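Structural overview
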Amino acid sequence: MRMKPLKSSRVILGQSVENPPNGALVFLISHHFGAINTGSYDFFGLDQASTRVGLEYGINNFMAIGIGRSTYNKTFDGYLKFRVLHQSKGKRKMPLSISVFW
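Quick look at the structure, then. (Residues numbered from 1 in each chain as written. Predicted model: local features only at pLDDT ≥ 70, side-chain atom pairs only at ≥ 80, totals over all residues. Heavy atoms only, no water.)

**A look at a nonpolar patch on the surface**
Our working definition: To count toward a patch, a residue needs a relative accessible area over 30% and no salt bridge; like charges are then connected within 9 Å, while nonpolar side chains (Val, Leu, Ile, Met, Phe, Trp, Tyr) are connected within 5 Å. In short, Shrake-Rupley with a 1.4 Å probe defines the accessible areas, and a residue's cover is counted only from the protein chains shown. By definition, a salt bridge exists where a carboxyl oxygen of Asp or Glu is found within 4 Å of a side-chain nitrogen of Lys or Arg. Note on conventions: DSSP H or I runs of at least 4 residues are helices, E runs of at least 2 residues are strands, and numbering of each starts at the N terminus.
Among the surface-exposed residues, Leu25, Phe27, Ile29, Val53, Leu55, Tyr57, Ile59, Ile65 and Ile67 lie close enough to one another that they form a single nonpolar patch of about 800 Å² accessible area. Sorting the residues of the nonpolar patch by element identifies β3 (25–32), β4 (50–58) and β5 (63–70) as the ones contributing at least two each. With respect to the helices and strands, the residue Leu55 is situated in strand β4.

**Structural notes on unusual backbone geometry**
Comment: phi is negative for the bulk of residues other than glycine, and the bulk of peptide bonds are trans. The line we're drawing: Burial classes follow relative accessibility: with a 1.4 Å probe on protein chains only, a residue under 20% of its type's maximum area counts as buried, one over 50% as exposed, and anything between as partly exposed.
For Phe44, which is not glycine, the phi dihedral falls at a positive 55°. In this structure, Phe44 sits in the loop between β3 and β4. In this structure Phe44 comes out as partly exposed when scored by relative accessible area, which is 47%. Despite not being glycine, Asn73 shows a phi value in the positive range, around 55°. Along the chain, Asn73 turns up in the loop between β5 and β6 (76–85).

**Observations concerning the packing of aromatic side chains**
This is how the line gets drawn: Note on aromatic pairs: the rings of Phe, Tyr and Trp (six-membered ring only in Trp) are paired at centre separations within 6.5 Å, and the planes decide the class, stacked below 30 degrees, edge-to-face beyond 60, tilted for the rest. Placement of a positive charge over a ring is assigned whenever Lys NZ or Arg CZ falls within 6 Å of the ring centre and within 35 degrees of the normal to the ring plane.
Across all of its chains, the model carries 1 aromatic pair by this definition. Where Tyr79 meets Phe101, the ring centres are 5.0 Å apart and the plane angle is 40°; that geometry is what we call tilted. Here Tyr79, found in strand β6, pairs with Phe101, found in strand β7 (residues 98–101); they are 22 residues apart in sequence, far enough to count as distant. On the basis of relative accessible area, Phe101 is assigned to the partly exposed category, the value being 46%. Residue placement shows Arg69 over the ring face of Phe76; its charged tip is 5.5 Å from the ring centre.

**Re the environment of Tyr57**
Spelled out, the test is: Working rule for contacts: check all heavy atoms of both residues, and any pair within 4.5 Å makes them a contact.
Tracing the backbone through its elements, the reader meets Tyr57 in strand β4. Separated by 38 residues in the primary sequence, Tyr57 and Pro95 place their C-alpha atoms 26 Å from one another. Those residues within four positions of Tyr57 in sequence are excluded, and the remaining contacts are Pro20, Gly23, Ala24, Leu25, Met63, Ala64 and Ile65.

**Brief notes about the sheet that holds β3**
How we decide: Strands qualify as paired when DSSP identifies two bridges or more between them. Only the contacting stretch of a helix is used when fitting its axis, a line to C-alpha atoms as for every element, and angles between N-to-C directions run 0 to 180 degrees.
On the basis of which strands lie adjacent, the open sheet formed by 5 strands has the order β3-β4-β5-β6-β7 and antiparallel pairing. Both outer strands of the open sheet, β3 and β7, are each paired with one neighbouring strand and no more. Between one strand and the next, the sheet's axes are offset by a mean angle of 25°, whatever the strand orientation. Strand direction decides the pairing type here: β5 and β6, joined by 7 bridges, are antiparallel. Each residue of the ladder has a partner; that of Ile67, found in β6, is Gly78.

**Observations regarding the pattern of salt bridges**
Inspection of the entire model under this criterion finds 2 salt bridges. Between Glu18 and Arg83 there is a salt bridge, and its shortest N-O distance comes to 3.6 Å. Taken as a pair, Glu18 in the loop between β2 (14–15) and β3 and Arg83 in strand β6 lie far apart in primary sequence, 65 residues in all. With a relative accessible area of 2%, Glu18 lands in the buried category. Of the charged contacts in the structure, one is a salt bridge between Arg52 and Asp77, with a shortest N-O distance of 2.7 Å. Linking Arg52 in strand β4 with Asp77 in strand β6, this pair joins segments that are 25 residues apart in sequence. What makes Arg52 buried here is its relative accessible area of 13%.

Encoded structure:
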């Protein structure tokens, strides 16, 4: 039986050890805002907002691929993520999960 340490492939601004489910395509929209202490001139950080739109695809239970584009410097990105170890309990216990993000 496999335990799920997290339910998402993302944790705030970074990656988690989870991949999208096998054959699933995930559409993500991320917003990053500026400093709130800039006051009303920058509308408390909203004028400095940056947005990223991306797609993640679970190729199989151990591999995922993703692409995206950010409004910050109009950059594109891509990644591969491989699950090396995953948590399990029972006869073959594995106490931790490890993924490689490339």
